[in-house]
Amino acid sequence: MDKQKIQIFDTTLRDGEQVPGCKLDTAEKIEVALRLEQLGVDVIEAGFPISSPGDFESVHSIARVIREATVCGLSRAVEKDIITAAEALKGAVRPRIHTGIGTSDSHVVHKLQTTREKVVERAIAAVKLAKSFVEDVEFYAEDAGRTDNQFLAYVCEEALKAGATVLNIPDTTGYCLPDEYGAKIKYLKENVKGVHKATLSTHCHNDLGLATANSIAGVIHGATQIECTINGIGERAGNTALEEIVMVMRQHPDLKKYTDVDTTMLSAMSAYVSDTMRVPVQPNKAIVGANAFAHSSGIHQDGVIKNRETYEIIDPKDVGVNNSSIILTARSGRAALAYRMKNIGYELTRDELDIVYDSFLKVADEKKEVLDDDLHQIAELRHKVAV
Ligand code: KIV
Ligand code: ZN
């Protein structure tokens, strides 16, 4: 069986930008969008045009500079939102309006204070209005993760009949378990009439740390678009991390899925978004964290020096990182010390290594990490003691 293409819908500039304190101006957003296009994403959600004049301007500017990717603007199922999104998207080569409404009982009863019937009516009206402006309309059923499957299927079917081209199934609160989310997508594939003509999309939040697992469960069960952000930034605990799902599909050929993302740009893209949006990346973050290819315990270092694949399932070069790093700490062994010494020009004999290793451990116990400057000083000791 051939591999199936999974569309990457990046929402760094919309859901990602909802992180407190990481507001970007229009010029910065245009730069992020251009880099996302270079990275190879299929859809760029550029913003929520009704939310502020600044966001309108950003979506409008991005719509005019992006030539390959689809540019998407968010709206609620509210007439003025949709009209404003359509206005902002003018000039886009591939415009998409993203509109929708809450479908879980919690949203219907408490947030919207309405009935399921009225929600369906609003969903239909919203999709029809969006469709009068653009061909490509994505419908989101907010809190689909906690919506009962039968009602969700009904809303989705009505949205499709009204003209939706994409059905977004958000786990808005990050509540679902992977099996449950996968089963939801499977249920929709089997129970929504006309679903084969539409793209089913995952949009998973990370409140329980399951966003990546849920998105992957979604594509295994028939979704063909994943919504995600660089570094997984987003509302509360964030969204599915783009770099994670792209690498899961790349490293697991058995899934038979692929994306058009140029993985060698992932590390630089992560750093760029982190700097521009002023959201640091946690050191142990999968794929792009500072420690993702760093080895510090003696046992691991010895294995990696002999064969990188002993402790690495990804070649760092594949994500744009030059090399794995061997970090010298008090947990490091002789193999790591010899390796790092060699890197800075000292080929130590076995005896010399035995001599300097004790000095190395003393320095390592005093400092958190032994750096090249320390190594030069330690290397001098090999002569003094050896003669
Ligand atoms: O999490 C969510 O439900 C959303 C929708 C607006 C798509 O971000
Ligand atoms: Zn979201």
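Above this text is the structure in question.
Fair warning: this is a prediction, and the values are worked out from it, not measured in the lab. One numbering rule holds for all chains: residues counted from 1, following each sequence as written. In the order they appear in the text, chains get letters beginning with A and ligands get numbers beginning with 1. Residue-level local features of this predicted model are given only where pLDDT is at least 70; pairs of side-chain atoms are given and counted only at 80 or more, and the full residue set underlies all totals for whole chains, interfaces and linings. Side-chain figures throughout are based on the complete set of non-hydrogen atoms in the structure, without hydrogens or water.

Student: Teacher, can you tell me more about the site of ligand 1 here?
Tutor: Throughout this document, a residue counts as near a molecule or strand when at least one of its heavy atoms sits within 4 Å of that molecule or strand. Near ligand 1 the following residues occur: Arg14, Asp15, His98, Tyr140, Glu142, Asn168, Pro170, Thr172, His203 and His205. Polar contact criterion, stated in full: a pair of N or O atoms within 3.5 Å, where within protein one must be able to donate a hydrogen and the other to accept it, and residues adjacent in sequence count only if both atoms are side-chain atoms. Side-chain polar atom of Thr172 to an oxygen atom of ligand 1: 2.6 Å apart, as the coordinates give it. Starting from 260 Å² of accessible surface for ligand 1 in isolation, the protein chains cover 92%. Taken together, the elements giving at least two residues each to the shell around ligand 1 come down to β6 (136-142) and β7 (166-171). Side-chain classes follow a simple rule in which Ala, Val, Leu, Ile, Met, Phe, Trp, Tyr, Cys and Pro form the nonpolar group, Asp, Glu, Lys and Arg form the charged group, and the remainder, Gly included, forms the polar group. Within the shell around ligand 1, the residues separate by chemical class into two nonpolar, five polar and three charged. For every accessible area listed, the method is Shrake-Rupley and the probe measures 1.4 Å; residues are considered covered only by the protein chains on display. Numbering goes from the N terminus for both helices and strands, where a helix is a DSSP run of H or I of at least four residues and a strand is a run of E of at least two.

Student: Explain the environment of Val134 to me, please; I cannot follow it from the model alone.
Tutor: The topology assignment puts Val134 in the loop between α5 (116-131) and β6. Residues Val134 and Pro95, 39 residues apart in the sequence, show an inter-C-alpha distance of 6.7 Å. Discounting chain neighbours no more than four positions away, the residues touching Val134 are Pro95 and Ile97. The contact definition used throughout considers only heavy atoms, calling two residues in contact when any of these lie within 4.5 Å.

Student: Before we go on, may I ask you to explain the packing of α5 against helix α6 (residues 149-162) in this structure?
Tutor: How two helices sit against one another is set out by the angle between their axes and by the gap between those axes. At a minimum axis separation of 8 Å, α5 and α6 run at an interaxial angle of 30°. Put simply, α5 runs roughly parallel to α6. In terms of crossing hand, the pair formed by α5 and α6 is right-handed. For the pair α5 and α6, the contacting residues are Arg116, Val120, Ala123, Ile124, Val127, Lys128 and Lys131 in the first and Phe151, Tyr154, Val155, Glu158, Ala159 and Ala162 in the second. Among the residues forming the contact of α5 with α6, the class breakdown is nine nonpolar, no polar and four charged. Between N-to-C directions, angles span 0 to 180 degrees; the directions come from axes that are lines fitted to C-alpha atoms, helices contributing only their stretch in contact. Throughout this description, any angle smaller than 35 degrees is read as roughly parallel, any larger than 145 degrees as roughly antiparallel, any in the 65 to 115 degree range as roughly perpendicular, and the remainder as oblique. The handedness criterion is simple: a crossing whose near helix is rotated anticlockwise from the far helix by less than a right angle is left-handed, and one whose near helix is rotated clockwise is right-handed.

Student: Would you take a moment to explain the coordination of the zinc ion (ligand 2) for this structure?
Tutor: The expected angle between donors at a tetrahedral four-coordinate metal is 109.5 degrees. At an octahedral six-coordinate metal it is 90 or 180 degrees. Here a donor is any nitrogen, oxygen or sulfur atom (N, O, S) within 2.8 Å of the metal, with 3.2 Å used for Na, K and Ca; water is not among the atoms considered, so some sites may look incomplete. Protein coordination at the zinc ion (ligand 2) comes from Asp15 (OD), His203 (NE2) and His205 (NE2), with a distance range of 2.0 to 2.1 Å. Site description for the zinc ion (ligand 2): donor spacing in sequence, D-x187-H-x1-H. Look at His203 and you get buried, because its relative accessible area is 4%. Accessible area is worked out with a 1.4 Å probe on protein chains only. A residue is then buried under 20% of its type maximum, exposed over 50%, and partly exposed in between.

Student: For this particular structure, what's the right way to read the pattern of salt bridges?
Tutor: Opposite charge on two side chains lets them pair, provided their charged atoms get close. When a carboxyl oxygen of Asp or Glu lies within 4 Å of a side-chain nitrogen of Lys or Arg, that pair is called a salt bridge. Here the structure, examined in full by the defined rule, presents 30 salt bridges. Ionic pairing is found between Lys285 and Glu244, a salt bridge with its closest N-O pair at 2.5 Å. Highlighted residues: Lys285 in the loop between α10 (266-277) and β11 (294-295) and Glu244 in helix α9 (residues 242-251), separated in sequence by 41 residues. The pair Lys285 / Glu244 is uniform in exposure class, with both members buried. Asp374 is the partner of Lys367 in a salt bridge, and the nearest nitrogen-oxygen pair spans 3.0 Å. For Lys367, a relative accessible area of 33% translates into the label partly exposed. Given the relative accessible area of 12%, Asp374 is considered buried.

Student: Can you walk me through the pairing of strand β2 (residues 7-10) in this structure?
Tutor: Residues in a regular strand project their side chains so that they alternate between the two faces of the sheet. Two elements, β2 and strand β9 (residues 225-228), share four bridges in a ladder whose sense is parallel. Across the sheet, residue Phe9 finds its bridge partner in β9, namely Glu227. Examined bridge by bridge, β2 and strand β3 (residues 43-47) share two bridges and lie parallel to one another. Residue pairing for β3: Asp10 is matched across the bridge by Ile44. Think of it this way: DSSP has to see at least two bridges between two strands before they count as a pair.

These figures come from the coordinates and say nothing about function on their own.
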